[in-house]
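# Notes for the structure review
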Amino acid sequence: MSDEDHYLDSYLSEILPALGLDAETYAPYVTGYANENDDGDDDESLDELMELLQASSESHADDDAAWANLRKEIIQRRDDYVSGESARKELQALEIQAATHANLQKEIDLAQKNAVEVEARKQMELESNKVENMSKDKIALMAMYGYEDG
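All of the points below concern the structure found in this document. (Residues numbered from 1 in each chain as written. Predicted model: local features only at pLDDT ≥ 70, side-chain atom pairs only at ≥ 80, totals over all residues. Heavy atoms only, no water.)

## Observations regarding the overall build of the chain
- Regarding its fold elements, the chain presents 5 helices and 0 strands.
- Moving toward the C terminus, one meets the helices and strands of the chain in the order α-α-α-α-α.
- The C-alpha radius of gyration of the chain comes to 37 Å, more than 25% above the 15 Å expected for a compact globule of 150 residues.
- Relative to its full complement of 150 residues, the chain shows a buried share of 20%.
- Across the chain, every contact between residues at least 6 apart in sequence was considered, and the portion connecting residues at least 24 apart equals 53%.
- For the chain, the exposed area adds up to about 11,100 Å²; of that, 52% sits on carbon and sulfur atoms.
- Of note, the chain has its 13 positive side-chain charges centred 21 Å away from the centre of its 37 negative side-chain charges. (Helix = DSSP H or I, 4+ residues; strand = E, 2+ residues; numbered from the N terminus. Rg over C-alpha atoms; globule rule 2.2 N^0.38 Å. Buried < 20%, exposed > 50% of the residue type's maximum accessible area, 1.4 Å probe, protein only. Contact = heavy atoms within 4.5 Å. Areas by Shrake-Rupley, 256 points an atom, 1.4 Å probe, with all protein chains shown as cover. Lys, Arg positive; Asp, Glu negative; His and termini not counted. Charge placed at Lys NZ, Arg CZ, Asp CG, Glu CD.)

Quick look at the structure:
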């Protein structure tokens, strides 16, 4: 995922300047953290990131509530993104499964159709080999040169 289309970019471009930080400078720190910690297990890294951002802020260095809100929002947006990705992957897997099922069903239908056609050919062949269905010329040739297994 490139930084240009990161799920936090639009939020960070609004919130970081409001907290006295340059978005172009500090957004990559946050998106980098989010990319490496999309399982949500590394609270220590997030705390360290918040400390770095707070220490770098020109206007909100002493406003702990603003940083707590930023931390909470990053976690919430990360969780929303991860659950959305999970849902998208599940949907994609279901679509693949449905397509596979449809292809298999087509192959089954084709095999059944072929089996019916083969059976019809066999029946037609059996019918054409019966003496009463043979032409008079064929019957005469069979009587002259043919023999029966038995």
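## Concerning the pattern of salt bridges
- Evaluation of the coordinates by the stated rule reveals 4 salt bridges.
- Note that R71 and D47 form a salt bridge whose closest N and O atoms lie 2.8 Å from each other. Of this pair, R71 sits in helix α4 (residues 64-129) while D47 sits in helix α3 (residues 43-56); the two residues are 24 residues apart in sequence, bridging distant segments of the chain.
- Judged by relative accessible area, which is 21%, R71 ranks as partly exposed.
- For E73, the salt bridge goes to R77, with nearest N and O atoms at 2.7 Å. With E73 and R77 both in helix α4 and 4 residues apart, this pair spans about one turn of that helix.
- For E73, a relative accessible area of 26% gives the class partly exposed. (Salt bridge = Lys/Arg side-chain N within 4 Å of Asp/Glu carboxyl O.)

## Here we look at the side chain of T31
- With respect to the secondary-structure elements, T31 resides in helix α2 (residues 23-36).
- Given the relative accessible area of 1%, T31 is considered buried.
- Looking at T31, its side chain comes within polar contact range of the main-chain oxygen of P28, at 3.3 Å. (Polar contact = N/O pair within 3.5 Å; in protein donor to acceptor, adjacent residues only side chain to side chain.)

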